[in-house]
Amino acid sequence: MSDTLARNGEVSKMARQSRPRLTLDIAAIPTYAIGDIHGRFDLLAKAEAAILRDAARLPGRKLIVTLGDYIDRGPASAQVITHLMAPPPDDFDRICLAGNHEIAMLDYIDGWISYDEWMRMGSAESLKSYGLDPEHLPLVFPSGAKLDSFLRQSLPRTHIDFMRAMPVMLETPNVIFVHAGINPKLPLDEQTDEDLVMIRQRFLESRVPLPKLVVHGHTPNDEPDIRPRRLNLDTRAYRSGKLTVARLWQGQVHLFST
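Thresholds, definitions, all that
- Residues numbered from 1 in each chain as written.
- Predicted model: local features only at pLDDT ≥ 70, side-chain atom pairs only at ≥ 80, totals over all residues.
- Heavy atoms only, no water.
- Buried < 20%, exposed > 50% of the residue type's maximum accessible area, 1.4 Å probe, protein only.
- Helix = DSSP H or I, 4+ residues; strand = E, 2+ residues; numbered from the N terminus.
- Pairing = 2+ DSSP bridges.
- Right-handed = clockwise from strand over helix to strand, strands pointing away.
- Core = buried A, V, L, I, M, F, W, Y, C linked by side-chain atoms within 4.5 Å.
- Salt bridge = Lys/Arg side-chain N within 4 Å of Asp/Glu carboxyl O.

As recorded in an unreviewed UniProt entry, the protein chain goes by Metallophosphoesterase family protein and comes from Rhizobium redzepovicii.

Written out as structure tokens, the structure is:
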């Protein structure tokens, strides 16, 4: 079975553990941040091709930072995760941050949320990408415990382990990369995982000066939301067909979309 244990029809919940937070000096590294992908492997492939074209004229190694929410809503979640698990392009490194949709999938696996709660995240599309039928399965397994057990055994362990290992923040001297944002009232070393992957209004509407430029996703917009200390790259890729990339290098930000 997976990381959870089924006992008398119930799931033994795993304790939630704090996720890694990374630090890196990217001053000399052209860095490409990619917004919320949500199962659009086609757009991810186009974005990486555009990154390679842009990076061809830049020196040294480069870095790709994906901002979370790789799964759900779009049609190819499994393919996105498989691709991100593979080595990055030549002369690139890649850091994949956790989003709230990856956390939700793990919460279902670990028994913290129910199947119905998980499905409300748009996760039916994720199951389909793994060759599972979210409409037929509840008819085959009328017992919720049996359905949960089947799914926890069916979802690829390698993908689950990959999501478990995702860091929740990348801090650099001048930029913070994170899925949702930060709590402006707390120091960076006191940020909770929940805020980093879920926060919205307290971050977006705060008048407290942010300590650094925060590059994030999570809150969808028609266009990238560009502010002096905040850059939101979530442009509803699963619906709009537009996946946004930001290149950060030498103190400048350059945006392009698929």
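We are not done yet, so read on.
Our next topic: the pairing of strand 4 (residues 31-34). Of the two faces of strand 4, the one carrying Thr 31 and Ala 33 and the one carrying Tyr 32 and Ile 34 are both buried. The pairing of strand 4 with strand 5 (residues 62-66) spans four bridges and is classified as parallel. Residue Thr 31 lies in a different strand from strand 5, and its bridge partner there is Leu 63. In this fold, strand 4 hands off to helix 1 (residues 41-55), which returns the chain to strand 5; that crossover is right-handed. Relative to strand 12 (residues 244-249), strand 4 is paired through four bridges, and the arrangement is antiparallel. The residue bridging Thr 31 from the neighbouring strand is Leu 248, located in strand 12.

Take the nonpolar core next. Of all hydrophobic cores here, the largest spans 44 residues; its most connected members are Tyr 32 and Tyr 70. In terms of residues, this core owes the most to one element, helix 1, which gives six residues. Core analysis: the next-biggest nonpolar cluster, separate from the first, contains 16 residues, Leu 67, Leu 170, Val 175 and Leu 248 among them.

What follows deals with the pattern of salt bridges. Taken as a whole and judged by the stated rule, the model has 16 salt bridges. Ionic pairing is found between Asp 42 and Arg 40, a salt bridge with its closest N-O pair at 2.8 Å. Lys 242 is the partner of Glu 223 in a salt bridge, and the nearest nitrogen-oxygen pair spans 2.9 Å. Linking Glu 223 in the loop between strand 9 (213-216) and strand 10 (225-227) with Lys 242 in the loop between helix 11 (237-240) and strand 12, this pair joins segments that are 19 residues apart in sequence. Each of Asp 54, Arg 57 and Arg 247 takes part in a single network of salt bridges with overlapping partners.

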